[in-house]
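The chain contents come next:
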Amino acid sequence: MYSRSIGTGRVTEGELSLRPNPFVAEDPEQFHSNRDKEDMKQVSRVGIESDVVASRSDARRQGAQSIIGYEEPIVLTQSTHSFLFTEPTCSIPFAFALGIVAISYTCLILALHNNLEGNSPSNRLNVPVSVSMDVRVAQYFALLIGLIMEEETPESLYLLRMITENTLHNKAPDLKFGRFVFCACVRIITGYLFYFNMFVVVAQATGVIDIFYDVLALQFLLQVDKIAFRLAKWDVFGKLMKRASTRKCFRAEFEKLPYVRRKRMTIFVKLLYGFNFLILMVGMTAVARKQRRGDYHCDSITVRIEDRIWQNAVVLNSTGGVEEMYLMYSYFNGVYVLNETLGLHDGRPIYTEQNKFNHARYEEKIGAKIIYCKTEGAWVFMHENIRKDRNTRHPGCPWLLRSPNTKSFNLLEVSGDWSIWTGIINTATFQATCNECKLDSEADCNYHGTCISENSESSGKCACDSSEDDGYPLYSGEHCEFARPCIQLIGDSGAVWNLIPIEEKENEYSSWKAYGRGVYIYRGSGEIQGTATDFEEDDLVLMYTGSRWFGSYYRGGKQLGLDYWLHYSRELHAFWDQVYETNTYFVSNPTSHPDPIAVDFFQIGRRGEKYGPLGELIPLSDPPGSGFFTCPGLNMSINDFVLQILEEREGSY
């Protein structure tokens, strides 16, 4: 065994075995004695040892990688980007290099623009509202892998660190150091475009495989210059390109600078690499934190549930007992907002029902909720005081409506009919739309207003167009979808109904609204069939309740003051107040119109199990389909009309 160390210039047996022995003959018969054989072997060992020591010296001088771990030679990058400083400015290879740069930049910029298109102030990166834990872990690993795979930035900085103006001039006198630095800057910009694109696609991903596919696709764009260079060397693009790619400067090996001369640059490169890693990780953590807080969810949604009735809904009353009530699901239509107080449920937000007047939180009543239920594997609509049966202890989520099975974190992305409980499981339409809009967008406001925001970071809300004559809005609704309602209605019997104004603040009037529609009051002229109302004391009101218009009376309504009606309007809920069962004389067909024009109405006759949940319905429209109310079109401004109504009512509303 040979065990001489490197420091003594001697070699190991393994090193001796790396090259053939030219002095040992293959045929032992040509030697005359064993002594001659041993002498020849000794000469062979000495010759090989001398060759190995000599090769070590060459490796130290040239900086080439050897069997004992020296660094690989410092050479120019074999990339078309290098043509930017190795070729004359007015040459085909230089123009070809610019074309490759343009392709890489364009593709990366197009990818970035496409991924960021349609963003909003509250979600600049278009990231999903949330992701599962396996996707979250894959996102961090993908950023780390992408940072390792990206070569443009570290390689450019490495060459700038190792090749100085003098060394470049010594090895390739015809090359300009300024253009060499320019080429490095071009590659560094490419690298940072890759970083930005990588972060965006990783943050936007919702699947593990999608993450790595997208990162690999971006990595391919960084290899275009190297692939084109190899094709040029293979004479694919012509003689000029082959000559440019096989220049002697690409084979030149630059000497490694002493550490003292490259110390500052070495420290800078390491700090920059660490900085890139830190920025990617911190950025991903910031996105994840916002997702966990629910910042990317729509803050406010409008819910529309199909007009379905459950006749024997089991309700827990305030005393802890159980009673059965008629439940018309459309009573729960309206605005629901993200409940920040309750936080997330199974990683998803909780949306809570708001009042039907100004979409604020109920103060006394308990609103319904829309949550994700992991035990059901679906989004569900529920109310804590409504059950499917008298067994008040329901494991999991006591749902009333349930979405198709989904793992989606975003309620607005759930499609398909929902299951609805009406004593048995049926299917029904459930629609949820976001009440936010894109800034300066007219389309999101149905071209009847403009989307505005209080600041650049908050979501937009529609500001509906107002009349130049009286200053009142021409449209209403979360997306300005409802035209200004008729301020006065006339029924087929000649009865007159006026829109009810409310002075919420001094000299600031709005109409009393229920479920986003104006509320009308009977003026006292014409005939109202089937009523036993004392119009000197009582009020007869026409209001929308989620899908139908109800004509309801309120005994002693004229004796009640403004404070009572403001409080009532804010706490009104057609189900919990049992408006249909206790107050209603007539009812319309289901409609989504902003006013009761062109809708058939029915007088409610006898009630009972024989007549169904709505009772006996006697048509008021003759013939059917002709509607019941008309809008006379008063020749006065809304201001004058409001003042007239207030004078008639003596400020009661």
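Scroll up for the structure.
Values in this document were obtained by computation on a predicted structure and should not be read as measured data.

Some details on the state of the cysteines
- A full pass over the atoms with the stated rule returns six disulfides.
- Two residues share a disulfide in this structure: Cys373 and Cys397, whose sulfurs sit 2.1 Å from each other. Since a negative S-S torsion denotes a left-handed disulfide, the Cys373-Cys397 link at about 95° is right-handed. Of this pair, Cys373 sits in strand E8 (residues 369-373) while Cys397 sits in the loop between strand E10 (386-387) and strand E11 (401-402), placing them 24 residues apart in sequence.
- Look at Cys397 and you get buried, because its relative accessible area is 9%.
- Between the sulfur atoms of Cys445 and its disulfide mate Cys462 the distance is 2.1 Å. Here the S-S torsion is close to -95°, and the disulfide linking Cys445 with Cys462 is therefore left-handed. Of this pair, Cys445 sits in the loop between strand E14 (430-434) and strand E15 (449-452) while Cys462 sits in strand E16 (residues 461-464), and the two are 17 residues apart along the sequence.

Overview of a nonpolar patch on the surface
- A contiguous nonpolar surface patch, about 740 Å² in accessible area, is contributed by Met133, Val137, Phe141, Leu144, Ile145, Ile148, Phe212 and Phe277.
- A total of six residues in the nonpolar patch trace back to one element, the largest contributor, which is helix H5 (residues 133-149).
- With respect to the helices and strands, the residue Ile148 is situated in helix H5.
- Using a relative accessible area of 58% as the deciding quantity, one classes Ile148 as exposed.

Thoughts on H5
- Given a rise of 1.5 Å per residue, 17 residues ought to cover 24 Å, and the 24 Å separating the end C-alpha atoms of H5 matches this to within 8%.
- The complete set of buried residues in H5 reads Val135, Arg136, Ala138, Gln139, Ala142, Leu143, Gly146 and Leu147.
- Contact partners of the buried residues in H5: helix H8 (177-204), helix H9 (208-222) and helix H12 (259-293).

Quick word on the nonpolar core
- Ranked by size, the top nonpolar core spans 83 residues in total, and within it Phe332, Ile370 and Trp497 carry the most contacts.
- Here this core takes five residues from strand E26 (residues 539-544), the largest share from any one element.
- Beyond its immediate stretch of four places on either side in the chain, Ile370 contacts Ile301, Val303, Tyr336, Pro349, Ile350, Tyr351, Trp379, Val380, Phe381, Leu411 and Phe430.
- Core analysis: the next-biggest nonpolar cluster, separate from the first, contains 54 residues, Val101, Met162, Leu193 and Phe229 among them.

Rules used throughout
Each chain carries its own residue numbering, running from 1 in the written order of its sequence. Per-residue local features are limited, in this predicted model, to residues with pLDDT of at least 70; the limit for side-chain atom pairs, both in listing and counting, is 80 or more; totals at the level of whole chains, interfaces and linings are taken over all residues. Based on all heavy atoms of the structure, the side-chain values leave hydrogens and waters out of the count. Here, the term disulfide refers to a pair of cysteine sulfur atoms separated by no more than 2.5 Å. Put simply, DSSP H or I for four residues or longer makes a helix, DSSP E for two residues or longer makes a strand, and each gets a number counted from the N terminus. Type-normalised accessible area, obtained with a 1.4 Å probe on protein chains alone, sets the label of each residue: buried when under 20%, exposed when over 50%, and partly exposed for intermediate values. The patches described consist of residues with a relative accessible area above 30% and no salt bridge, like charges being joined within 9 Å and nonpolar side chains (Val, Leu, Ile, Met, Phe, Trp, Tyr) within 5 Å. For the accessible areas, the method is Shrake-Rupley and the probe is 1.4 Å, while residue cover comes only from the protein chains on display. By convention in these notes, a salt bridge is any Lys or Arg side-chain nitrogen within 4 Å of a carboxyl oxygen on Asp or Glu. By definition here, a helix of n residues has an expected span of 1.5 Å times n minus one. What makes two residues a contact is simply this: any of their non-hydrogen atoms within 4.5 Å. The term nonpolar core refers to a set of buried residues drawn from Ala, Val, Leu, Ile, Met, Phe, Trp, Tyr and Cys, joined through side-chain atoms within 4.5 Å.

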